[in-house]
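What follows is each chain in one-letter form.
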Amino acid sequence: MQEWANQLCENRQFGSKMTDSKYFTTTKKGEIFELKAELNSDKKEKKKEAVKKVIASMTVGKDVSALFPDVVNCMQTDNLELKKLVYLYLMNYAKSQPDMAIMAVNTFVKDCEDPNPLIRALAVRTMGCIRVDKITEYLCEPLRKCLKDEDPYVRKTAAVCVAKLHDINAQLVEDQGFLDTLKDLISDSNPMVVANAVAALSEIAESHPNSNLLDLNPQTINKLLTALNECTEWGQIFILDCLANYTPRDDRESQSICERVTPRLSHANSAVVLSAVKVLMKFMEMLPKDLDYYGTLLKKLAPPLVTLLSAEPELQYVALRNINLIVQRRPEILKHEMKVFFVKYNDPIYVKLEKLDIMIRLASQANIAQVLAELKEYATEVDVDFVRKAVRAIGRCAIKVEQSAERCVSTLLDLIQTKVNYVVQEAIVVIKDIFRKYPNKYESVIATLCENLDSLDEPEARAAMIWIVGEYAERIDNADELLESFLEGFHDESTQVQLQLLTAIVKLFLKKPTETQELVQQVLSLATQDSDNPDLRDRGYIYWRLLSTDPVAAKEVVLAEKPLISEETDLIEPTLLEELICHIGTLASVYHKPPSAFVEGSRGVQHKRLPGSAGSGESVDSPDPASAAGVTEAPPAVIPSQGDLLGDLLNLDLTPPTATGPPPAPSSGMQLGAMDLLGGGLDSLLGGDIGGSAAMGAGFGAAPAAMPASFNAPVSGGLDDLFDLGGSVGMPMGAYSPPKTVWLPAMKAKGLEISGTFARRAGVIQMEMTLTNKAMSVMTDFAIQFNRNSFGLAPAGPLQVLTPLSPNQSIEVSLPLSTVGPVMKMEPLTNLQVAVKNNIDVFYFSCQYPISMLFVEDGKMERQVFLATWKDIPNDNESQFQIKDCHLNSDAASNKLQGSNVFTIAKRTVEGQDMLYQSTKLTNGIWVLAELRVQAGNPNYTVSLKCRAPEVSQCVFQSYEAMLKN
């Protein structure tokens, strides 16, 4: 479409702007025959008119492909306008008529040698746009000549054509040596040729991130900076984007580049300005902050950014989104420019909201009075969304600038007095945050807030008010009445309000136990017995159990001192911010997301980072700190937050399965049957009946659920010649099993410590555990149960602890697992939630199993099936990963992987690089296909994974890495 637009624009100079519209207004039907006759006319003018009619029909969506041979015959002309129109038609229909398109090849080749440089360039550009494999081989010779043409216009067009040809047939471009010619064009005398060569190489490099095509060095950078001053604005953008990918050797080189790029900040094109800002933001990282030039550069960056805000609203918005990133990284650039972010009455809402965000980021003690005055004005506007954000902004200012907190609270109280419903509700939400930031300072306003209780109808505002009442219950005389009023419509409230109400009433009970027994019984009953929401039910059970077993512990947990909230809760995470700074001036900086999050098929998208700052001692190209130290990533430790784990475990029957044989006889009177996990102690604590205990119901007999439907998903590679591949597989090594780690520390399990790992032996998954008794009493009656998980893992038998576990004694236990349990997709995918019971209590923990435990022994595909499956899986399902610091040759890697049921189907060697094609199959029938690239002498491997369930690719890669490195 871009080519069409370009050519249609160029054609306008040849014809009258007033008369060409007639070609689009025809109402004739069945005119193909008439057009055919006109196209074959001997009169040049009639022929040209006919081609214009054809292009007009094509533009409005009519199918005129039947005229292909007739239009192609019109190519033999000296008229440049007619030739352009015919080429435009060819670009559109060549793909649907590839055999006919071959007819035009001779004319293309002939036009590539035409004396007129415009015709030579037009021919090579059109050939590059015709995406037909049969034509590409004919394009090579004319393209080679045009790349070395004497006219720079032809050379710059040919440079872009190489990138287009590479997209169609990358191997052909490499074989013909066009990439080397492109690299030579970087030294061309014409700046536009240099810019297009850089653009073409950058585009090719993006789709092949490991190719190192743009080998940037000081000499090349100097050539690019020289061309920067003379080429067009879009050429400047290509060069600046290329410069942004360069990492200077030291701060002197960095300063030199910054000095030569700085004049671009005054360019009229906003895209050039943003590209220059990106380069300067990156290279500033390497400049020492005490350098005079550093301060000068900060001052120079402010005016161009301010100037961008005088453009039309759409450009303003893009500029503001970029400025938002810049002020998070370097707020000092715009700290004196607060006024330009004040909202104008005629700004669109999207600009207003973005300006508001930046105002808060720039707020400081020096300008807070000015900012608050503005925000108070905004809170009286008519635009509801804007007013809401302005009220929240006042609260954020109070949290950010402590000296202004009192002033902000006073402003918020004034706004509450307006009695405008949505203003009052937003004010209550932000006052809650102010209480969290400054405890015991502004609680005098609670009475005013309680006056507005009846007007609250939004869940967030109701939840905030309930939190305030619960948190400060001892200061509010009628707190129980206020909370009881919310309880009347408990089931009609949103989950957010229900959860807050449950917690608030428990807080109230712990502060005033004698007055609120009935209220707490009522809310616990509503939450645990009458609610279908698992989050609410789980929290209710936890509170119930805490209150029933140890009210003192409950007080310590529920009324614990809360940490102060942070000043900036909405800052972008630092590593993501670094990457986004490297993408200033692109869509990524507008979405505030990395390109990999929204670019379809983003396998080639590289994650960019800012260079190490000057004086930090950090090498620019240093590897990940963990890998540099040789530290392998430890398996996940026990996740301590029981709120995340209790889930369905509270409803699990911990009785061992009877089908696999009788359980060991219990050595105490305690039975392993269903038990009241909550102990029923709350009844005696409160002297009343709460309504029964929570019996544990769901046992091992549950039927296995189906795998989630979303488990369907893809990777690519040159596999067409798989059948010729040699490569034998040696004797496999043993299956990989990770070392044991502590899953359940003794301090969290009343003296029981569980450490463990997973192993696969003879086709059976084993959960190998060491149970250690660090308590003073004997432990007996062990049982185990799993929560539902991604692959249906469940114990295949009881936990065999046949003898009592004495104090300071350890015992090794191996529990066989099956994969026919109930299925529920977990996050992360290989997370396993476990409940272990003994004569003392029930304990919960979470661990992760390596997905390699699920690789089955019959995972070797036939070659033909492998090739067909690889091609059948969509390319969007392909994931590519790097395995670093691995020093095995391809045969050793293959043997090691086969020990864990990753089978090598074929092997081939291309230019010294071994490529292993492998398959593995999971217990649920999901196939994973892999291409492992091993280069002799290079410790970094590349593995591409293709699978119909792309969710598993990350886990499979982690297992690949663990298997190859251990």
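- Per an unreviewed UniProt entry, the protein chain goes by AP complex subunit beta and derives from Xyrichtys novacula.
- Recorded in UniProt under Sequence similarities (unreviewed entry), the annotation for the protein chain is "Belongs to the adaptor complexes large subunit family."
- Of the protein chain, the UniProt comment under Subcellular location (unreviewed entry) reads exactly: "Endomembrane system".

1. Description of the overall build of the protein chain
Phase 1: Broken down by element type, the protein chain carries 39 helices and 13 strands.
Phase 2: Expressed as a percentage of the 966 residues in the protein chain, the buried residues total 52%.

2. Quick word on unusual backbone geometry
Phase 1: E827 connects to P828 through a cis peptide bond whose omega is -5°.
Phase 2: Along the chain, the position of P828 falls in the loop between β6 (810–818) and β7 (831–837).
Phase 3: At K750, a position not held by glycine, the phi torsion is positive, near 50°.
Phase 4: Looking at where K750 falls in the secondary structure, it is placed in the loop between β1 (741–744) and β2 (752–761).

3. Some remarks on the nonpolar core
Phase 1: Counting residues in hydrophobic clusters, the biggest one holds 215 residues, and the most contacted among them are Y89, L143, V261 and F435.
Phase 2: In this structure, V261 is in contact with L225, L228, L240, L243, A276, V279 and L280, ignoring residues within four places of it in sequence.
Phase 3: Counting 63 residues, the second largest nonpolar core, distinct from the first, contains A749, L832, I926 and C955.

4. Quick word on the pattern of salt bridges
Phase 1: For the structure on display, the rule yields 39 salt bridges.
Phase 2: As a salt-bridge pair, D149 and R120 come within 2.8 Å of each other at their nearest N and O atoms. With D149 in the loop between α9 (133–147) and α10 (152–168) and R120 in helix α8 (residues 117–129), this pair connects stretches of sequence that are 29 residues apart. As far as the burial class goes, D149 and R120 line up, both buried.
Phase 3: Counted as one network, the salt bridges with shared partners bring together E285, R329, R330, E332 and E578.

5. Some points on the packing of helix α27 (residues 479–487) against helix α28 (residues 495–511)
Phase 1: It is the contact of α27 with α28, at a shortest axis distance of 11 Å, that shows an interaxial angle of 155°. Classified by the angle their axes make, α27 and α28 are roughly antiparallel. The hand of the α27/α28 crossing is left-handed. Contact residues: A479, D480, L483, F486 and L487 in α27; L501, A504, I505 and L508 in α28.
Phase 2: Its residues assigned to classes, the contact of α27 with α28 shows 8 nonpolar, no polar and 1 charged.

6. Quick look at the environment of I257
Phase 1: Position of I257 among the secondary structure elements: in helix α16 (residues 251–261).
Phase 2: Expressed as a C-alpha distance, the spacing of I257 and N222, which sit 35 residues apart in the sequence, is 8.7 Å.

7. Observations concerning the side chain of T516
Phase 1: Position of T516 among the secondary structure elements: in the loop between α28 and α29 (517–528).
Phase 2: According to the relative accessible area criterion, T516 is buried, its value standing at 1%.
Phase 3: Discounting chain neighbours no more than four positions away, the residues touching T516 are D480, L508 and F509.

8. Some points on helix α39 (residues 953–965)
Phase 1: Look at α39: 18 Å from first C-alpha to last across 13 residues, which is about the 18 Å you get at 1.5 Å a residue.
Phase 2: Along α39, the residues that are buried comprise S953, C955, V956, F957, S959, Y960, A962, M963 and L964.
Phase 3: Contact partners of the buried residues in α39: β9 (878–883), α38 (890–898), β11 (913–921), β12 (927–935) and β13 (941–947).

9. Focus: the packing of aromatic side chains
Phase 1: Summed over the entire model, instances satisfying the criterion amount to 13 aromatic pairs.
Phase 2: Where Y317 meets Y350, the ring centres are 5.5 Å apart and the plane angle is 90°; that geometry is what we call edge-to-face. In this pair, Y317 is assigned in helix α19 (residues 313–329) and Y350 in helix α20 (residues 349–362), connecting sequence segments 33 residues apart.
Phase 3: On the basis of relative accessible area, Y350 is assigned to the partly exposed category, the value being 33%.
Phase 4: Ring geometry for W743 versus F758: centroids 5.3 Å apart, planes at 40°, classification tilted. Of the two residues, W743 sits in strand β1 while F758 sits in strand β2, which places them 15 residues apart along the sequence.
Phase 5: Through pairs of rings, three or more aromatic residues link up here, namely W743, F758, F845 and Y849.

What counts and what doesn't
- Residues numbered from 1 in each chain as written.
- Predicted model: local features only at pLDDT ≥ 70, side-chain atom pairs only at ≥ 80, totals over all residues.
- Heavy atoms only, no water.
- UniProt positions renumbered as here; feature names shortened; annotations may be inferred.
- Helix = DSSP H or I, 4+ residues; strand = E, 2+ residues; numbered from the N terminus.
- Buried < 20%, exposed > 50% of the residue type's maximum accessible area, 1.4 Å probe, protein only.
- Core = buried A, V, L, I, M, F, W, Y, C linked by side-chain atoms within 4.5 Å.
- Contact = heavy atoms within 4.5 Å.
- Salt bridge = Lys/Arg side-chain N within 4 Å of Asp/Glu carboxyl O.
- Axes fitted to C-alpha atoms, helices over the stretch in contact; angles between N-to-C directions.
- Parallel < 35°, antiparallel > 145°, perpendicular 65-115°, else oblique.
- Left-handed = near helix turned anticlockwise from the far one by under 90°.
- Nonpolar A, V, L, I, M, F, W, Y, C, P; charged D, E, K, R; others polar.
- Expected span 1.5 Å × (residues − 1).
- Phe/Tyr/Trp six-rings, centres within 6.5 Å; stacked < 30°, edge-to-face > 60°.

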